[in-house]
Amino acid sequence: MENLQGKTAFITGGASGLGLGIAKACAKEGMNIVIADLRQDAIDEALKIFKENNWPAIGVCLNVADREAYVAAADKAEEAFGKIHILVNNAGLGVPEGKLWEDSYDVIDLAIDVNYKGVLNGIKTIVPRILAHGEGGHVVSTASKAALVPVPGFTLYNSLKMAVVTVMETLATDLQGTGVGSSVFCPGPFATNLGASTGTVMKSMGVEVKRPEPPKKEEGKDAPPPPPSDIDFSKIMRSPDEAGARVVRGIKRNDLYILSHVDFKGGWDARAAAISKAFPDEPLNPDFKKVFSVLAYNPIFETQTQVPAWEE
């Protein structure tokens, strides 16, 4: 979707962090912005930015796990701006985790409700509205680089973000020929307030915020050295505004995958190679694809073209 001028973007978790960065980037393209967030105080603060810049925007208080509330929020967006063209499923939680068997069921259920069901609820609620007006559109869902290279001790986060990748790959397949695109955003480290906002959301939903015990130092092993003092962390922990600009570029290019830090490519390559090596070293059955072609290959992967280097 190359021309965003005058279109409307509905962005969950849009009042801070990556969501706010995406909202600002969309506004700079001349879009109407709907900031959907569970925290009314954060919405109020974010809207000041849009007012100062004369960017059309409204805020709606939304728990993405509440399906009826989601429908009401979409109705309010359409009342304000007529039609929704872009859905950004950005709301998410970085719940405190340890080993999965040590996590409480409350934490497990909340992570599933927000990080997975919240994405499904957004697609279920808003995609039919985009298809109905026939003007084209795009859906972006925020996953994480942890979906591609799992992080030890984060079973919930890793697996639910990987689920989001698969949802968006399948959505892209199902939307072919409709004029509506599908992208999954897998960011590396950006300077956001995910920890603080997660704590606020968890408390508001009655789930106890309990940090796991840090791993004990192994006897006879030295603690890892601190990072060198000459590292420029701004090149590692990037700005949410850059994240927003990268997402907008991905929408315009109709990228299936929107990635940020090339530094994780080696980890992904190793994972992909490990899976390839796990297939038995046996000859292919020439009749398999004749019967199960839809299982053996998905041409949606061919739609992704090489993304150029980022230019500020």
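The structure under discussion appears in the preceding block.
Owing to the predicted nature of the structure, the values given are computational and were not obtained by experimental measurement.

Draft legend 1. Region of the structure containing the side chain of K7. For K7, the position within the fold is in the segment before strand 1 (8–12). Although K7 is buried, it makes no salt bridge; E135 carries the closest opposite charge, 5.5 Å away. Setting aside its immediate chain neighbours within four residues, K7 contacts M1, M31, N32 and H85.

Draft legend 2. Structural view of the packing of helix 1 (residues 17–28) against helix 7 (residues 240–253). Following both chains from N to C, one finds helix 1 and helix 7 inclined at 55°, their axes separated by 7 Å at the closest point. Of the possible angle classes, the one that applies to helix 1 and helix 7 is oblique. Between helix 1 and helix 7 lies a crossing of right-handed hand. In contact with G17, L18, G21, I22, K24, A25 and C26 of helix 1, helix 7 contributes P240, D241, A243, G244, A245, V247 and V248. Tallied by class, the residues present in the contact of helix 1 with helix 7 amount to 9 nonpolar, 3 polar and 2 charged.

Draft legend 3. Quick peek at the pattern of salt bridges. For the structure on display, the rule yields 13 salt bridges. With its nearest N and O atoms 2.9 Å apart, the salt bridge here joins R253 to D255. Classification of R253 by relative accessible area gives partly exposed; the value is 28%. The salt bridge partner of K265 is D269, with a shortest N-O separation of 3.0 Å.

Draft legend 4. Representation of empty space enclosed by the protein within the structure. Applying the stated criterion across every chain yields a total of 1 cavity of 30 Å³ or more. Size it by volume and the largest cavity reaches roughly 30 Å³. At 3 residues, the largest contribution of residues to the lining of the largest cavity is made by helix 4 (residues 105–133). Class assignment of the residues belonging to the lining of the largest cavity gives a composition of 5 nonpolar, 4 polar and no charged.

Draft legend 5. Expanded view of the layout of surface pockets. Its boundaries defined by the atoms lining it, the largest pocket holds a volume of some 1,200 Å³. Along its surface, the largest pocket is lined by 34 residues, and L148, Y257, L259, K265 and W268 are the ones closest to its centre. When contributions to the lining of the largest pocket are tallied by element, the ones reaching two or more residues are helix 5 (155–174), helix 7, strand 7 (257–259) and helix 8 (265–278). Grouping the amino acids of the lining of the largest pocket by side-chain chemistry returns 17 nonpolar, 7 polar and 10 charged.

Draft legend 6. View of the pairing of strand 2 (residues 32–37). Among the 6 residues in strand 2, 6 count as buried, and that is most of the element. Covered by surrounding structure in strand 2 are N32, V34 and A36 together with I33, I35 and D37, the residues of both alternating faces. Strand direction decides the pairing type here: strand 1 and strand 2, joined by 5 bridges, are parallel. In the strand pairing of strand 2, I11 is matched with I35. After leaving strand 1, the chain enters helix 1 and then returns to the sheet as strand 2, a path that is right-handed. Where strand 2 meets strand 3 (residues 57–61), 5 bridges bridge the pair, whose relative direction is parallel. The residue of strand 3 that forms the bridge with D37 is C61.

Draft legend 7. Molecular detail of the nonpolar core. Counting residues in hydrophobic clusters, the biggest one holds 41 residues, and the most contacted among them are F10, I123, I126, V139 and M168. Elements with a minimum of two residues in this core: strand 2, strand 3, helix 3 (67–81), helix 4, helix 5 and strand 6 (180–186). Setting aside anything within four residues of it in sequence, one finds I126 in contact with F10, Y70, A74, I84 and L87. A9, I11, M31 and F190 belong to the second-largest nonpolar core, a separate cluster that totals 30 residues.

Cut-offs used in this document
Residues numbered from 1 in each chain as written. Predicted model: local features only at pLDDT ≥ 70, side-chain atom pairs only at ≥ 80, totals over all residues. Heavy atoms only, no water. Helix = DSSP H or I, 4+ residues; strand = E, 2+ residues; numbered from the N terminus. Buried < 20%, exposed > 50% of the residue type's maximum accessible area, 1.4 Å probe, protein only. Lys, Arg positive; Asp, Glu negative; His and termini not counted. Salt bridge = Lys/Arg side-chain N within 4 Å of Asp/Glu carboxyl O. Contact = heavy atoms within 4.5 Å. Axes fitted to C-alpha atoms, helices over the stretch in contact; angles between N-to-C directions. Parallel < 35°, antiparallel > 145°, perpendicular 65-115°, else oblique. Left-handed = near helix turned anticlockwise from the far one by under 90°. Nonpolar A, V, L, I, M, F, W, Y, C, P; charged D, E, K, R; others polar. 1 Å grid on protein atoms, 1.4 Å probe; cavity = no way out; pocket = protein on both sides within 12 Å on 5 of 7 lines; lining within 4 Å. Points joined across faces, edges and corners; volume = space filled by probe spheres on them. Pairing = 2+ DSSP bridges. Right-handed = clockwise from strand over helix to strand, strands pointing away. Core = buried A, V, L, I, M, F, W, Y, C linked by side-chain atoms within 4.5 Å.

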